[in-house]
Amino acid sequence: MPDSLAASFRSVSSDNSLSSVKGNVAEFLLDEIIHGRLKPGERIVEGKWAAQLQVAQASVREALNILAARGFVDKELGRSARVTILTDEDIQHIYEVRVALEGLAARLVATHRPDLSALDQMIADMNSAVQCRNMRSYFERVVAFHLLLCEKSGNRFILEHTRRLMVPLQAFILLRRKAVMPEGARWYDSFESHRRILEIVRGGDPDYAEREVKLIIQNFARSTAELLAAQREQEGTAAE
């Protein structure tokens, strides 16, 4: 098994420079996570993976730091990293805080009317990801859209707290949905909701922007709960 993993890792890792090795290890482990070979909550032991991939343990440690920053693993001081896992209650609480933070961000953007051309480009990129049915790309752009909206608010504390909530949440949802965007209108609805957020804040009415964006985030919460419940049901049926 270790030889097979090492061969697989080497086949996708042509650059052996120190900086690239940790990036290659991060991408390899991310592929293991997204495709379910490393499951939510599972420990990722640095020494074990260093031996299996035939790389330095420090490279695995740095790779895990990269994945932790992207929300795919949790790392606590003195403990092994684990693949991100969130309970239903965690997800509910995250959305409750997001409603407040992003509603305020929308109010501030509508009030100050900053340049929103970067958000226009983000919407275009999200649309491309939907058309290509690239779920990973879409989720990355969803995170970027919300963080950019918060950045445009001009309040760095809104941005910092939203980043802490958004990154692990979206990573966990992606892990639960695996790597391929399923059929159906859900993703087009999600895209249209984000396009609507941009339209609302561009309108320049602070009260309306805050109220409507809060409602959209609440709809995202309901959609996420339904999505994860359907995934669990599907997994339960498959196990029978």
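Presented here is an overview of the structure given in this document. Because the structure is predicted, anything quoted here is derived from the model rather than measured. (Residues numbered from 1 in each chain as written. Predicted model: local features only at pLDDT ≥ 70, side-chain atom pairs only at ≥ 80, totals over all residues. Heavy atoms only, no water.)

Counting its secondary structure elements, the protein contains 10 helices and three strands. Ordering the α and β elements of the protein from the N terminus gives α-α-β-α-α-β-β-α-α-α-α-α-α. Across the 240 residues in the protein, those meeting the buried criterion constitute 44%. Long-range contacts, defined here as pairs at least 24 residues apart, represent 73% of the contacts in the protein between residues at least 6 apart. On the protein, roughly 12300 Å² of surface is accessible, and the fraction owed to carbon and sulfur atoms is 51%. (Helix = DSSP H or I, 4+ residues; strand = E, 2+ residues; numbered from the N terminus. Buried < 20%, exposed > 50% of the residue type's maximum accessible area, 1.4 Å probe, protein only. Contact = heavy atoms within 4.5 Å. Areas by Shrake-Rupley, 256 points an atom, 1.4 Å probe, with all protein chains shown as cover.)

Along the chain, Ser153 turns up in the loop between α7 (135–152) and α8 (156–177). Residue Ser153 is classed as buried on the basis of its relative accessible area of 4%. Engagement of the side chain of Ser153 in a polar contact is seen with the backbone nitrogen of Asn155, the distance being 3.1 Å. Those residues in contact with Ser153 that lie beyond four places of it in its chain are Ala105, Leu108, Val109, His112 and Ile158. (Polar contact = N/O pair within 3.5 Å; in protein donor to acceptor, adjacent residues only side chain to side chain.)

Tyr138 and Val201 are the most contacted members of the largest nonpolar core, which totals 74 residues. Among the elements that make up this core, the one with the highest residue count is α8 (11 residues). Residue contacts for Val201: discarding those within four places in its chain leaves Ala106, Val109, Ala110, Leu116, Leu149, Ala209 and Val213. (Core = buried A, V, L, I, M, F, W, Y, C linked by side-chain atoms within 4.5 Å.)

Another point: the sheet that holds strand β3 (residues 81–83). Pairing between the strands of a sheet is mediated by backbone hydrogen bonds and can be parallel or antiparallel. With antiparallel pairing, three strands are arranged side by side in an open sheet as β1-β3-β2. Whereas interior strands pair on both sides, the edge strands pair on one side only; in this sheet they are β1 (43–44) and β2 (73–74). With two bridges joining them, β2 and β3 adopt antiparallel strand pairing. Its bridge partner being in β3, Asp74 is matched across the sheet by Arg82. (Pairing = 2+ DSSP bridges.)

Taking 1.5 Å per residue as the helical rise, helix α6 (residues 117–131) with its 15 residues ought to reach 21 Å, and the 21 Å between its terminal C-alpha atoms agrees with that figure. Within α6 the residues assigned to the buried category are Leu119, Met122, Ile123, Met126, Ala129 and Val130. Buried positions in α6, seen along its axis, are confined to an arc of 120 degrees and lie on one side of it. Buried residues along α6 sit against α7 and α9 (186–202). Just downstream of α6, Arg133 is the residue with a positive phi angle, here 55 degrees. (Expected span 1.5 Å × (residues − 1). Arc of directions from axis to C-beta.)

The phi angle at Gln54 is positive, at roughly 60 degrees, despite the residue not being glycine. With respect to the helices and strands, the residue Gln54 is situated in the loop between α3 (46–53) and α4 (57–69). Phi at Arg113 takes a positive value of approximately 50 degrees, unusual for a residue other than glycine. For Arg113, the position within the fold is in the loop between α5 (88–112) and α6. On the basis of relative accessible area, Arg113 is assigned to the exposed category, the value being 57%.

Looking now at the packing of aromatic side chains. Any pair of aromatic rings gets described here by the distance separating the centres and the angle formed by the planes. In this structure the tally under the stated criterion is one aromatic pair. Between Tyr138 and Phe139 the ring centres are 6.3 Å apart and the planes differ by 90 degrees, which places this aromatic pair in the edge-to-face class. Across this residue pair, the class does not change: Tyr138 and Phe139 are buried. (Phe/Tyr/Trp six-rings, centres within 6.5 Å; stacked < 30°, edge-to-face > 60°.)

A few words now on α3. When we look at burial in α3, the residues that qualify are Glu46, Trp49, Ala50, Gln52 and Leu53. What you see down the axis of α3 is that its buried residues fit within an arc of 170 degrees, all on one side. Positive phi appears at Gln54, one or two residues downstream of α3, with a value of about 60 degrees.

What follows is about the environment of Leu174. Topologically, Leu174 is positioned in helix α8. Overall, the relative accessible area of 3% leaves Leu174 in the buried class. It is 7.0 Å that separates the C-alpha atoms of Leu174 and Arg136, two residues lying 38 residues apart in sequence. Ignoring sequence-local partners within four residues, the contact set of Leu174 consists of Ile34, Phe72, Met135, Arg136 and Phe139.

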